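Geometric and topological summary
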Amino acid sequence: MNRLATIFSIMTTAGVLLAAVSGAAWFIAALRHRETAAKSICLAGVIVAVLGFILFLRSYDSSLHQERAQEPEPPITQSVSPEQPQEPAQEPVTATEGSTQGNTLPEPQEPTEAPQEPAQAASEINPLLALEVQTRPVMNGFKTERIGTWAYIETTKEFMAGVTDQQLHDYLSELSVEEYNWFNVFFEDGTGLWTISPVFVEYGEADRNEGGSVEYIGEPEDCIFTFSDGHYSTEN
């Protein structure tokens, strides 16, 4: 676990304790019919705990990707199969040998229909594969050392309307082998998608200058999508 994840976990714990203590004080004041600021403090504690938990999840997932990127790749071994002896070439049948089989001509065979598999496979090509993937460096807090890479594609919402949820999930799954820290899909109206896993996608206003981070439009639960049974949906 990296330092940011530790800080956010402490922030979450502090928010929970603050909400619990102020909530108890608010409940006691309500029983005594007294006005108190404990209600506001309790709500502030809840907000701090929720934000700390969300930031903790992001930092923890990012640290997992960095640890996997540092693991050495296993050596690739190739098995060498012994050469198979070649069969001797068949000698052509001479005219004399052919005459011994009679003068009857072979019956012409009906041409077989060409398989339709290539056309069918072309219709199933993921349209996202035609977009160019661009990469950017992930720098440390002092902007002095590169510690990772994030990537993105640019497209329009009209284009994405022709992409199914399953195709988006498959595309993100193929990109996951590149071990990017995160991935963005930028739209023409300034919004976009942010993801660190094919099963977890966030939507909002995208800021390319801040490493592709997104700001939720509305409630967070309406902007976080998870993949299940071939579709992305919110938690509601």
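Structure shown above.
Heads up: these notes are all about the structure in this document. Remember, predicted model here, so these are calculated numbers, not experimental data. (Residues numbered from 1 in each chain as written. Predicted model: local features only at pLDDT ≥ 70, side-chain atom pairs only at ≥ 80, totals over all residues. Heavy atoms only, no water.)

1. Remarks on the overall build of the protein chain
Definition in use: Labels follow the DSSP assignment, with helices taken as runs of H or I lasting at least four residues and strands as runs of E lasting at least two, numbered in each case from the N terminus. Remark: exposure states derive from per-residue accessible area (1.4 Å probe, protein chains only) relative to the maximum for the residue type, with buried under 20%, exposed over 50%, and partly exposed in between. Working rule for contacts: check all heavy atoms of both residues, and any pair within 4.5 Å makes them a contact. Computed with a 1.4 Å probe, the accessible areas rest on the Shrake-Rupley method; for each residue, only the protein chains presented here act as cover.
When helices and strands are tallied, the protein chain shows 6 helices and 8 strands. Along the protein chain, from the amino end to the carboxyl end, the secondary structure elements read α-α-α-α-β-β-α-α-β-β-β-β-β-β. Looking at the protein chain as a whole, 27% of its 236 residues are labelled buried. Contacts in the protein chain between residues far apart in sequence, at least 24 positions, make up 53% of those at least 6 positions apart. About 17,700 Å² of surface is accessible on the protein chain, with carbon and sulfur atoms providing 56% of the total.

2. What about the pairing of strand β2 (residues 146–154)?
Side-chain direction in a regular strand flips from residue to residue, so the side chains alternate between the two faces of the sheet. Rules: When DSSP finds two or more bridges between two strands, those strands count as paired.
When strand β1 (residues 134–139) meets β2, the two strands line up antiparallel, connected through 6 bridges. Looking at β2, one finds that P137 is bridged to T149. Hairpin geometry of β1 and β2 is characterised by an intervening segment of 6 residues between the two adjacent antiparallel strands and by a positive phi of about 60° at K143. Bridge count between β2 and strand β3 (residues 183–186): 4 bridges; the pairing is parallel. Paired with E154 across the two strands is F186, which belongs to β3.

3. Examining the pattern of salt bridges
The condition is simple: Any carboxyl oxygen of Asp or Glu within 4 Å of a side-chain nitrogen of Lys or Arg constitutes a salt bridge here.
A complete count under the given rule lists 2 salt bridges for this structure. Between E154 and R208 there is a salt bridge whose closest N-O contact spans 2.4 Å. Of this pair, E154 sits in strand β2 while R208 sits in the loop between β5 (200–207) and β6 (213–215); the two residues are 54 residues apart in sequence, bridging distant segments of the chain.

4. Brief notes about a negative patch on the surface
The test is simple: Surface patches are drawn from residues lacking salt bridges whose relative accessible area is over 30%; two like charges belong together within 9 Å, two nonpolar side chains (Val, Leu, Ile, Met, Phe, Trp, Tyr) within 5 Å. When charges are counted, neither His nor the chain ends are considered; positive counts come from Lys and Arg and negative counts from Asp and Glu. To locate a charge, take atom NZ for lysine, CZ for arginine, CG for aspartate or CD for glutamate.
Together, E205, D207, E210 and E215 give the surface a local cluster of negative charge. Tracing the sequence through the fold places E205 in strand β5. Assessed through its relative accessible area of 45%, E205 is described here as partly exposed.

5. Topic: unusual backbone geometry
Positive phi values are uncommon outside glycine, yet K143 reaches one of about 60°. The class of K143 is exposed, set by a relative accessible area of 64%. The phi dihedral of E179 falls on the positive side, at around 60°, and the residue is not glycine.

6. Comments concerning the environment of E221
Topologically, E221 is positioned in the loop between β6 and β7 (224–228). Remark: the alpha-carbon pair of E221 and T234, spanning 13 residues in sequence, is separated by 6.6 Å.

7. With respect to the packing of aromatic side chains
Operational definition: Stacked, edge-to-face and tilted are the three classes for Phe, Tyr and Trp ring pairs, Trp counted by its six-membered ring, which pair at centre distances within 6.5 Å; planes under 30 degrees apart are stacked, over 60 edge-to-face, the rest tilted.
Scanning all chains against the criterion turns up 6 aromatic pairs. Here the aromatic rings of W150 and Y152 are separated by 5.6 Å at their centres, their planes lie at 35°, and the arrangement is tilted. Relative accessible area serves as the criterion here: at 5%, Y152 is assigned to the buried category. Relative to F186, the ring of W150 has its centre 6.5 Å away and its plane inclined at 85°; by these criteria the two rings are edge-to-face. Of this pair, W150 sits in strand β2 while F186 sits in strand β3, and the two are 36 residues apart along the sequence. The burial state of W150 is the same as that of F186; both residues are buried.

8. What to know about the pairing of strand β4 (residues 191–197)
Most of β4 sits inside the fold, with 6 of its 7 residues counted as buried. Here 4 bridges tie β3 to β4, and the two strands are oriented antiparallel to one another. Counted as the bridge partner of V185 is L193 from β4. Two successive antiparallel strands, β3 and β4, enclose a turn made up of 4 residues, where G190 displays a positive phi of approximately 90°. What sits between the antiparallel neighbours β4 and β5 is a turn of 2 residues.

9. Notes on the side chain of N181
Considering the arrangement of structural elements, one finds N181 in the loop between α6 (165–175) and β3. Residue N181 is classed as buried on the basis of its relative accessible area of 5%. With sequence-adjacent residues up to four places away left out, N181 is seen in contact with S62, H65, Q66, V138, G148, T149 and I196.

10. With respect to the nonpolar core
Rules: In plain words, nonpolar cores are sets of buried Ala, Val, Leu, Ile, Met, Phe, Trp, Tyr and Cys residues tied together by side-chain atoms within 4.5 Å.
L128, L168, Y171, L172 and F183 are the most contacted members of the largest nonpolar core, which totals 17 residues. Counting residues per element, the ones that place at least two in this core are β2, α6 and β3. A per-element tally of this core places α6 first, with 4 residues. Excluding anything up to four places from it in sequence, F183 contacts V133, A151, Y152, I153, Y171, L172, L175, L193, W194 and T195. Counting residues in each nonpolar core, the second largest holds 9 residues, with V138, F186, W194 and I196 among its members.

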